[in-house]
Amino acid sequence: MEQTVAVVGAAGHVGLGLSVCAADAGHHVFGIDIDESAVATVSAGKVPFVEDGAEEALHRVLSNGCLTMTTDNSVVARSDVVIVIMGTPIDENLNPVILPLLRLLATLKPHFRKGQLIILRSTVSPGTAETVRTTIENLTGLEVGRDLYLVFAPERVVQGKSLQEIPRLPQLVGAYEDASFLRAEEFFGTFIRNKCLQLTPVEAELGKLMCNMARYVTFAIANEFSLIAKEYDANVHRIFDACSFEYPRFNLPAPGPNVAGPCLFKDGFFLIERVPFPELVLTAFKINESMPMHIFKMIKSKPEIHKVVILGLTFKAGNDDTRYSLSFKLKKLLEAGGYEVSGFDPLLPDWNDRQALRGSECAVLMTPHAQFADLGSVMDWIAEERCWYIDLWGFWPEMRSRSQGGCFYAHDVEAVMGAREARGKAAA
Ligand SMILES: NC(=O)c1ccc[n+]([C@@H]2O[C@H](COP(=O)([O-])OP(=O)(O)OC[C@H]3O[C@@H](n4cnc5c(N)ncnc54)[C@H](O)[C@@H]3O)[C@@H](O)[C@H]2O)c1
C-alpha cells in the first residue's frame, strides 16, 4: 500500500538512497533536510556525492512527483511513516553526540500523531532507541505500541551502492513489540526483496555496530600481518594470495592504509562506550589509525625524498567522501615533518590537478581509485625516474608480488615491463 513517508536527513549519503528507493516503490516521500543548498541541489535532480545509478532514479522520482525535497518539518504531520537518518558523529572526546537528535524530536513534537510508524535509521550508540522512545512518549503523551509505532532499523549498505543494496539486503528491525515490527515489515516489504529480521531495539543497535566492527577488526589484522611481513622483508600479498588459494578458511581483505571513513572510525566508540573490556576494538583502532605513521617512517628512512604526492584523498575507492580519511592524517604528518606534500584525487574537483604529481620523489597510494589502475599512466603523470612508490594495497598487479614491503622504484617497474615486453616479442 502506498504511504506518505517523511525522511529526515534526506539529502545525506544514506538518506538520499533510501528516499529514492521508497519513492520508486510508489510512496510519496517528503525528503526533509536542514541543509538548504543540498535540498536545492537534489530538487534540481543533482546527486551531491558519488552514488551509483542515483541520478537516473532521482530524475524519475522527481518528475513523477513521488519525491519532494523540503526544509519544512511540518510535512511530518502529513506522513504515515517518519524515518530519521541524520548524521550521528562523535565529539572531540570520542563520545557519541546525541543532542541534535533529541533537539530534532522536540522540533517534531507538534507533528507526531497517532498511528505513525517512526523508524530510527541513523547508526546510534546502544540504548539510544530507548532514549528516543521515552523522549517521544514524554513529549507527545502517545504510547509506543498502542498509539504509534517505533523501530530501530539500521542501514547496512556500503556507501555509494545504496540503490543496489537496499532492495537486496535483509533488514534488521529492532522493535519493542510485535505491532511495531509488523508495521515496519509491511513498509520495508514494499521495496526490500529480502527478509526483515526481528530483534529488540538494543540488539539491532548492537548488531549494526558489530557488523561494522567485524570488518574493522578484520582490516586491522590484515594490516598487522602486513607490518609483520615487512619486518621479515617478506611480501604480504604473495603470502595472502598463496594462503587463500583454494583454502576457504583464510578470508582476509587486502591490507590497506586508509581503513577509516565516517562509519568505521566512529562506530567502535559507540560499541565500547559502556563496556570495561574494549581491548580488541581499541587495538584495531590503534593499528588502522597508525598506518599513516608507518608510511611516514618508511618515507623518513629515505633521506633523498623531499617531495611527496598522496594518491587518493577520499576514504574509499570510487567515492568522493573525505570524512575521516587517513590521507589527511598522512598529509599532516608529512607537512609537520618538513616535506613538500601535494595530493591528487580524480574524484575531487579541488584536488584533481595532475600538475600536483609532477616531479614527486615519493608517491603514496592511499585510495585505490580505478583511475589509478594503469600504473604506466600514473608514472607518466609523475615523470620522475627516481620516484619511490608505496602501494600497501598491492593494487598494481605488475608489482603486487614483487614489491619490497609494498614499495618499489620507477626503474623496478621499467625492468618488469621491459622483461615482459621482451618475453612477448620472443613469443611472437
Ligand atoms: N555513510 C554511510 O555509508 C552509512 C552507512 C550506514 C549507516 N550510516 C549512518 O547513517 C547516518 C547518516 O550518515 P550519512 O553518511 O548519510 O550522513 P550525512 O551527513 O551525509 O547526512 C546526514 C544528513 O542529515 C541532515 N541533517 C542533520 N541534522 C538534521 C536535522 N535536524 N533535520 C534535517 N536534516 C538534518 C544533514 O544536513 C545531512 O544532509 C549516520 O548515523 C551514519 O552513521 C551511514
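Residues numbered from 1 in each chain as written. Predicted model: local features only at pLDDT ≥ 70, side-chain atom pairs only at ≥ 80, totals over all residues. Heavy atoms only, no water.

### Regarding the overall build of the protein chain
Scanning the protein chain for helices and strands turns up 16 helices and 13 strands. Expressed as lengths along the three principal axes of its C-alpha atoms, the size of the protein chain is roughly 75 × 50 × 45 Å. Residues classed as buried in the protein chain amount to 52% of the 428 residues present. If you take every contact in the protein chain between residues at least 6 apart in sequence, the share linking residues at least 24 apart comes to 74%. Accessible surface computed for the protein chain: about 19200 Å², of which carbon and sulfur atoms make up 55%. (Helix = DSSP H or I, 4+ residues; strand = E, 2+ residues; numbered from the N terminus. Buried < 20%, exposed > 50% of the residue type's maximum accessible area, 1.4 Å probe, protein only. Contact = heavy atoms within 4.5 Å. Areas by Shrake-Rupley, 256 points an atom, 1.4 Å probe, with all protein chains shown as cover.)

### Some thoughts on the packing of helix α8 (residues 201–231) against helix α11 (residues 279–289)
Orientation of α8 relative to α11, taken along the N-to-C sense of each, is 55°, at an axis distance of 9 Å. In terms of their interaxial angle, α8 and α11 are classed as oblique. Crossing of α8 over α11 shows left-handed handedness. Contacts from Met213, Tyr216, Val217, Phe219, Ala220, Asn223 and Glu224 of α8 reach α11 at Leu280, Val281, Ala284, Phe285, Ile287, Asn288 and Glu289. (Axes fitted to C-alpha atoms, helices over the stretch in contact; angles between N-to-C directions. Parallel < 35°, antiparallel > 145°, perpendicular 65-115°, else oblique. Left-handed = near helix turned anticlockwise from the far one by under 90°.)

### Some remarks on the sheet that holds strand β9 (residues 307–311)
Spatial strand order, β10-β9-β11-β12-β13: five strands in an open sheet with mixed pairing. With one partner strand each, in any of the chains shown, β10 (340–344) and β13 (407–409) form the two edges of the open sheet. Direction aside, neighbouring strands of the sheet carry axes that sit 20° apart on average. With three bridges connecting them, strand β11 (residues 362–365) and strand β12 (residues 388–390) associate as parallel partners. (Pairing = 2+ DSSP bridges.)

### Observations concerning the side chain of glutamate 165
Structurally, glutamate 165 is set in helix α6 (residues 162–165). A distance of 3.0 Å separates the side chain of glutamate 165 from the backbone nitrogen of valine 158, its partner in a polar contact. Setting aside residues up to four positions removed in sequence, glutamate 165 forms contacts with Arg156, Val157 and Val158. (Polar contact = N/O pair within 3.5 Å; in protein donor to acceptor, adjacent residues only side chain to side chain.)

### Points about the side chain of glutamine 3
The residue glutamine 3 is located in the segment before β1 (4–8) in this model. According to the relative accessible area criterion, glutamine 3 is buried, its value standing at 8%. Beyond its immediate sequence surroundings of up to four residues, glutamine 3 is in contact with His27, His28, Asp80, Val81, Arg183 and Phe187.

### Section: empty space enclosed by the protein
Applying the stated criterion across every chain, the model contains three cavities of 30 Å³ or more. Approximately 130 Å³ is the volume found for the largest cavity. Of all the secondary-structure elements, those providing two or more residues to the lining of the largest cavity are α8, α9 (236–244) and α12 (291–300). At four residues, the largest contribution of residues to the lining of the largest cavity is made by α8. Broken down by class, the residue content of the lining of the largest cavity amounts to eight nonpolar, seven polar and two charged. (1 Å grid on protein atoms, 1.4 Å probe; cavity = no way out; pocket = protein on both sides within 12 Å on 5 of 7 lines; lining within 4 Å. Points joined across faces, edges and corners; volume = space filled by probe spheres on them. Nonpolar A, V, L, I, M, F, W, Y, C, P; charged D, E, K, R; others polar.)

### Comments concerning the sheet that holds β1
One open sheet holds the eight strands; their spatial order is β3-β2-β1-β4-β5-β6-β7-β8, and the pairing between them is mixed. Here the strands that pair on one side only, and so sit at the sheet edges, are β3 (67–70) and β8 (196–199). Here the strands of the sheet are splayed against their neighbours by 25° on average, with no regard to which way each runs. Pairing of β1 with strand β2 (residues 28–32), which is carried by five bridges, proceeds in the parallel orientation. Bridge pairing links threonine 4 to histidine 28 in β2. Against the sheet, helix α7 (residues 178–188) contacts β1, β4 (81–84), β5 (117–120), β6 (149–152), β7 (171–175) and β8, and its axis sits at roughly 70° relative to β6.

### Considerations on the environment of phenylalanine 344
Topologically, phenylalanine 344 is positioned in strand β10. On the accessibility criterion, phenylalanine 344 (3% relative accessible area) is buried. Here the alpha-carbon distance between phenylalanine 344 and leucine 357, two residues 13 residues apart in the chain, equals 7.0 Å. The contact partners of phenylalanine 344, leaving out residues within four places of it in the chain, are Val309, Ile310, Leu311, Gly312, Leu313, Trp351, Asn352, Asp353, Arg354, Leu357, Phe372 and Trp381.

### Observations regarding the nonpolar core
The tendency in soluble globular proteins is for nonpolar side chains to be buried as a group. Within the largest apolar cluster, 43 residues are counted, with the highest numbers of intra-cluster contacts made by Leu58, Ile83, Ile119, Phe187, Phe188 and Phe191. Among the elements that make up this core, the one with the highest residue count is helix α1 (residues 15–24) (six residues). The residues contacting isoleucine 83, other than those within four sequence positions of it, are Val5, Ala6, Val7, Val8, Leu18, Ile119, Arg121 and Phe187. (Core = buried A, V, L, I, M, F, W, Y, C linked by side-chain atoms within 4.5 Å.)

### Considerations on the domain arrangement of the protein chain
As far as domains go, the protein chain holds domain 1 (4–199) and domain 2 (255–422). Centre-to-centre, using C-alpha coordinates, domain 1 lies 35 Å away from domain 2. If you look at the interface, domain 1 gives 17 residues, while domain 2 gives 16 residues. Three residues stand out in domain 1 for area buried against domain 2, namely Val50, Ile90 and Gln159, and they jointly supply 39% of the buried area on that side. Here domain 1 and domain 2 share zero salt bridges between them. (Domains from an automatic or database assignment. Buried area = accessible area lost by both parts, 1.4 Å probe. Salt bridge = Lys/Arg side-chain N within 4 Å of Asp/Glu carboxyl O.)

### So, the environment of glycine 268
Within the fold, glycine 268 resides in helix α10 (residues 261–271). As for glycine 268 and isoleucine 118, which are separated by 150 residues in sequence, their C-alpha atoms are 26 Å apart.

### Topic: the site of the ligand
Within the structure, the ligand sits among 23 residues, and His13, Asp33, Thr88, Gln159 and Lys266 are positioned closest to it. With respect to the ligand, the backbone of isoleucine 34 contributes an N or O atom lying 3.3 Å from a nitrogen atom. A distance of 2.9 Å separates an oxygen atom of the ligand from a polar atom in the backbone of threonine 123. In the complex, the protein chains occlude 86% of the 830 Å² of accessible area that the ligand would expose alone. (Near = heavy atom within 4 Å.)

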